[in-house]
Amino acid sequence: MAAESMPGTTVTAAHFMHDLDISGEPRLRIGSLFSGYGGLDLAVEHVFNATTVWFSELNAPVARVFSHHWPEAPNLGDITAIDWSQVEPVDILIGGFPCQDVSTVGKRAGLAPGTRSGLWAHMAAAIDALQPEWVVIENVRGLLSSPAIRPPAEGDDHDRRNPGDATPDGATLRGMERDPWHLGDNAARPLRALGAVLGDLADLRLDARWIGLPASLVGAPHQRFRIFALARRTVPHPAGDGLIARRRDSRPGASETRDDRAVAPDHRLRAPRTGWLTEQESRVGDAVVPDRRTVQRWGRYADAITRWEHITGRPAPAPALLNDADGPRPAPAFVEWLMSLPTGWVTDTDQLTQNQQITALGNGVLPLHAVAALRALKLSGRWGRSLVVVRCGGQQRR
């Protein structure tokens, strides 16, 4: 599918697939979990000069879209059935584990055993087994507020806990006692999902930072607030610390992996496919003014549409598909453009129906959005210092 002409360079899904790395330097290897169409992979490849060498995606049609863009990367299949001892170690492990149970528009079951969002436990197991240098996590805003429920740790002996308060009877309670923020002191302040994830990363000897940003920060004509976490190994890790056993979430009925091919030891790293992201980054913040035709077509949305057309380097497709029977429906090509993807990345395929395309795009990561978050996390000072930035309503809080 060819893109329409626009000022600047117009790109398609295959445009940068075979670019050469002039430096000749070996790229870092990425292992990708809950991969979708590869939006997070594109951002991590771009920021780290890395390449994805294997992925794990349970949805077969979406996995075929991923394989179309990363044909040399095998799909390890169902994350609950992967034997990590047989998987090639990677430098960077990435994933946006399912958000349904932590999303503010869902039932808010939280990060708990047996839930879809509880699949984070399997990503933690992969980190424990593979020992990557970096870990990248993406999820929805609800990660900040949804509860987390921990399965009992193996070997816990509740009979040995101290039954009394730390402060003896009759002692004067100082201003710092009792601290209502102590874990377990107040049921109204439960462990939150993001706290559980960061706690697991700390148990795995990873130094983590997180940031919350709206997609509009990079010029997108929508908010799409997302949480990104970047963790780096700073302490040598002995052979396993038992986190797999303590955090394992055994889910009944887990299917076998659909693709258990081993990655060859001489696996060749692919050339970068993200040159278009460099161009998009360079256009963020440019001053643009909608022309008369754009104002007539888009009305009050003309400024936002013009800005995103400039950043993506291509015009906005028609936003809706007209159907006399069902009325207008969102056009997958328009949603693909909203996600800053090259023309046809998801839509130029017969692997997905239009409904499946919309679902895949809605569940995916906007690459330019993730690039901005990763650059902020990676370059914002020395490791060992925390960085917490949340942008809400134009305000930035640290």
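Only a predicted model underlies this, so the values are computations on that prediction, with no experimental measurement involved.

Q: What is the right way to read the overall build of the protein from this model?
A: A tally of regular secondary structure across the protein gives 11 helices and 10 strands. Expressed as a percentage of the 398 residues in the protein, the buried residues total 46%. Of the contacts made within the protein by residues no fewer than 6 positions apart, 71% connect residues no fewer than 24 positions apart. Approximately 20400 Å² of the protein is accessible, and the part contributed by carbon and sulfur atoms is 51%.

Q: Even after reading the chapter, I still don't get the pattern of salt bridges, so can you show me in this structure?
A: It is possible for side chains bearing opposite charge to pair when their charged atoms get close. This model, assessed by the stated rule, comprises seven salt bridges. Note that Glu138 is salt-bridged to Arg226, the shortest N-O span being 3.5 Å. Placement of Glu138 in strand E4 (residues 134–140) and of Arg226 in strand E6 (residues 226–233) is noted, with a sequence separation of 88 residues between them. The two residues Glu138 and Arg226 agree in class, both being buried. Arg375 is the salt-bridge partner of Glu281, the closest N and O atoms lying 2.8 Å from each other. Note that Glu281 is positioned in helix H6 (residues 275–283) and Arg375 in helix H11 (residues 367–379), a separation of 94 residues in sequence. Residue classification places Glu281 among the partly exposed residues on the basis of a relative accessible area of 26%. A network of salt bridges, in which partner residues are shared, links Arg29, Glu88 and Asp91.

Q: Explain the nonpolar core here, please?
A: Inside soluble globular proteins, nonpolar side chains tend to come together where they are buried. Among the nonpolar cores identified, the biggest contains 55 residues, and Tyr37, Val44, Phe48, Ile92, Val136 and Leu341 are the most heavily contacted of them. When near neighbours in sequence (up to four residues on either side) are disregarded, Val136 contacts Leu40, Val44, Ile92, Leu93, Ile94, Gly95, Met123, Ala229, Leu230 and Leu374. Judged by nonpolar contacts, the second largest core, of 33 residues, contains Val53, Ile79, Phe97 and Leu119.

Q: Hey, could you run me through the pairing of strand E3 (residues 92–95) in this one?
A: Sheet faces and side chains relate simply in a regular strand, where the side chains alternate between the two faces. Burial of the side chains of E3 extends over both faces: Ile92 and Ile94 are buried on one face and Leu93 and Gly95 on the other. In this structure, strand E1 (residues 28–33) lies alongside E3, joined through four bridges in parallel fashion. Looking at E3, one finds that Gly31 is bridged to Leu93. Pairing of E3 with E4, which is carried by four bridges, proceeds in the parallel orientation. By the bridge assignment, Ile94 is partnered in E4 with Val136.

Q: Looking at this structure, I do not really get the packing of helix H1 (residues 39–48) against H6. What am I missing?
A: The description of two packed helices rests on the angle between their axes and on the distance between the axes. Remark: H1 packs on H6, axes separated minimally by 10 Å, with the N-to-C direction vectors making an angle of 80 degrees. Comparing the axis directions of H1 and H6 gives the class roughly perpendicular. Only Trp276, Leu277, Thr278 and Glu281 of H6 make contact with H1, whose side of the interface consists of Leu42, Ala43 and His46.

Calculation notes
Residues numbered from 1 in each chain as written. Predicted model: local features only at pLDDT ≥ 70, side-chain atom pairs only at ≥ 80, totals over all residues. Heavy atoms only, no water. Helix = DSSP H or I, 4+ residues; strand = E, 2+ residues; numbered from the N terminus. Buried < 20%, exposed > 50% of the residue type's maximum accessible area, 1.4 Å probe, protein only. Contact = heavy atoms within 4.5 Å. Areas by Shrake-Rupley, 256 points an atom, 1.4 Å probe, with all protein chains shown as cover. Salt bridge = Lys/Arg side-chain N within 4 Å of Asp/Glu carboxyl O. Core = buried A, V, L, I, M, F, W, Y, C linked by side-chain atoms within 4.5 Å. Pairing = 2+ DSSP bridges. Axes fitted to C-alpha atoms, helices over the stretch in contact; angles between N-to-C directions. Parallel < 35°, antiparallel > 145°, perpendicular 65-115°, else oblique.

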